[in-house]
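Residue-level listing of the chains:
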Amino acid sequence: MSDKSGLTRTGTQSNVAVANLNRTRWMTLIGTIITMFALGSVYTWSLFNGQLSAKLDEPISRVAFSFGLLSLGLAVASSVAGKLQERYGVKKVTLAAGVLMAVGFFLTAHSNSLAMLYLSAGVLVGLADGAGYLMSLSNCVKWFPERKGVVSACAIGAYGLGSLGFKFICGYLLSVNSLEHTFIIWGLLAMTMIVIGGLMMTDAPRQEAKVVNNHQEQPRDFSLAEAIRVPQYWMLALMFLTACMSGLYVIGVAKDIGQGMVHLSAMTAANAVTVIAIANLSGRLILGVLSDKMARIRVISLAQVISLVGMSILLFTHMNEATFFASVACVAFSFGGTITVYPSLVSDFFGLNNLTKNYGLLYLGFGIGSVLGSLIASLFGGFVVTFSLITVLLIISLAISATIRLPNKELQEQNTLQHV
């Protein structure tokens, strides 16, 4: 009798533990989505370029450079987020990121020179965004090893929706407030959301590899030092850099392409922004969900093919309005899908436990890609050279994605041969 009651008690405790674990991970997912929505607000930056240019009496191109610095700061902070999480935990780092973002926007509101703008809007806001973005995303993915693609799609989709949602929020604030007050309210609103989201997060438990029939079901965990010693890491890095360069460059100059190459009116060309937002979000959701149904590297190959179609239209056809919108939609769809699938893809190759660090270094490709396209265009003169280079890199990336193999499988094959 006592044995049965003991078993019942143990079973009940086990059920409670599972229920608590489930509640914790779903709370973390909800917190991550709230945080991502607020972090995505930085992509409304172009709304402010005109007024900042008038306030500082500087050309818009110099003011807009602050967003390039923001993207670079985001990538740099993402690369060290793993170390911060190890030391302080996801909750504390996320809360600190929220406070730093509010400080960055407060200082932006009071900037009276380009140097001050670059420091506040570029460096501080970029570092805050990067510290929160990749760490909270990776932590959330670790909580759902069986649904990595869908969870990435939810989190990164929220990041994309944040840029869309805050476009209306910031637009309204600008219509009823001064530029300075808008930045302060934006900072406080973003900080509040990030703090609420951060308080809901919990660090994911370490994933233990399951062994079935003498084979590991999950890839062994590579430390960053181990990962960078295998060629697959740098193959993934080149593919990621190419996707970011193509996506960020075309998204950044879409309106100019429409006016310069297709001879559309400024108003019609500006519709590319809406087309890109819809295609980008669709890519995140569709390819993210698809990556749980088929091999993730094949999803990346599909994204590369779609991007190549878009680049081929831009390079080799006499575009009209319809083909122009189709081309930028292809590139934006591919870019959105790639950055959604990549965290899970990196975990497939190098394990979940060191994902924040392993993906963090790769994520520098986002910052490099954000400036590389514009740099090449300015050095070699215009769209065609840049499109041509991107197309060549996409073909190389497609060849890599078609032939790359998991490093742990190669190790297993070597071990099998040694035993034979």
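So, how was this worked out
Residues numbered from 1 in each chain as written. Predicted model: local features only at pLDDT ≥ 70, side-chain atom pairs only at ≥ 80, totals over all residues. Heavy atoms only, no water. Helix = DSSP H or I, 4+ residues; strand = E, 2+ residues; numbered from the N terminus. Rg over C-alpha atoms; globule rule 2.2 N^0.38 Å. Buried < 20%, exposed > 50% of the residue type's maximum accessible area, 1.4 Å probe, protein only. Contact = heavy atoms within 4.5 Å. Areas by Shrake-Rupley, 256 points an atom, 1.4 Å probe, with all protein chains shown as cover. Lys, Arg positive; Asp, Glu negative; His and termini not counted. Charge placed at Lys NZ, Arg CZ, Asp CG, Glu CD. Axes fitted to C-alpha atoms, helices over the stretch in contact; angles between N-to-C directions. Parallel < 35°, antiparallel > 145°, perpendicular 65-115°, else oblique. Left-handed = near helix turned anticlockwise from the far one by under 90°. Nonpolar A, V, L, I, M, F, W, Y, C, P; charged D, E, K, R; others polar. Expected span 1.5 Å × (residues − 1).

1. Some remarks on the overall build of the protein chain
When its secondary structure is counted, the protein chain shows 17 helices and 2 strands. Taken over the C-alpha trace, the protein chain has a radius of gyration of 23 Å; the compact-globule value for 420 residues is 22 Å, and the two agree within 12%. In terms of its C-alpha atoms, the protein chain occupies a principal-axis envelope of roughly 80 × 50 × 35 Å. Residues classed as buried in the protein chain amount to 50% of the 420 residues present. Pairs at least 24 residues apart make up 83% of the contacts formed inside the protein chain by residues separated by at least 6 positions. A total of about 18,700 Å² of accessible surface is found on the protein chain, and carbon and sulfur atoms cover 66% of it. Charged side chains in the protein chain number 26 positive and 18 negative. The centres of these two groups are separated by 5 Å.

2. Side note on the packing of helix 5 (residues 114-143) against helix 14 (residues 355-362)
Relative orientation of the contacting elements helix 5 and helix 14 amounts to 135°, with a least axis distance of 9 Å. On the basis of the axis angle, helix 5 is oblique to helix 14. In the packing of helix 5 onto helix 14, the handedness of the crossing is right-handed. Each of Leu134, Met135, Ser138, Val141 and Lys142 in helix 5 lies in contact with helix 14, whose residues at this interface are Leu355, Thr356, Tyr359 and Gly360. The residue makeup of the contact of helix 5 with helix 14, split by class, is 5 nonpolar, 3 polar and 1 charged.

3. What about helix 13 (residues 321-350)?
Each α-helix turn comprises 3.6 residues. Residues three or four places apart therefore point the same way. When the terminal C-alpha atoms of helix 13 are compared, their 43 Å separation across 30 residues agrees well with the 44 Å that a helix rising 1.5 Å per residue should span. In terms of burial, helix 13 is a largely internal element, 25 of the 30 residues being buried.

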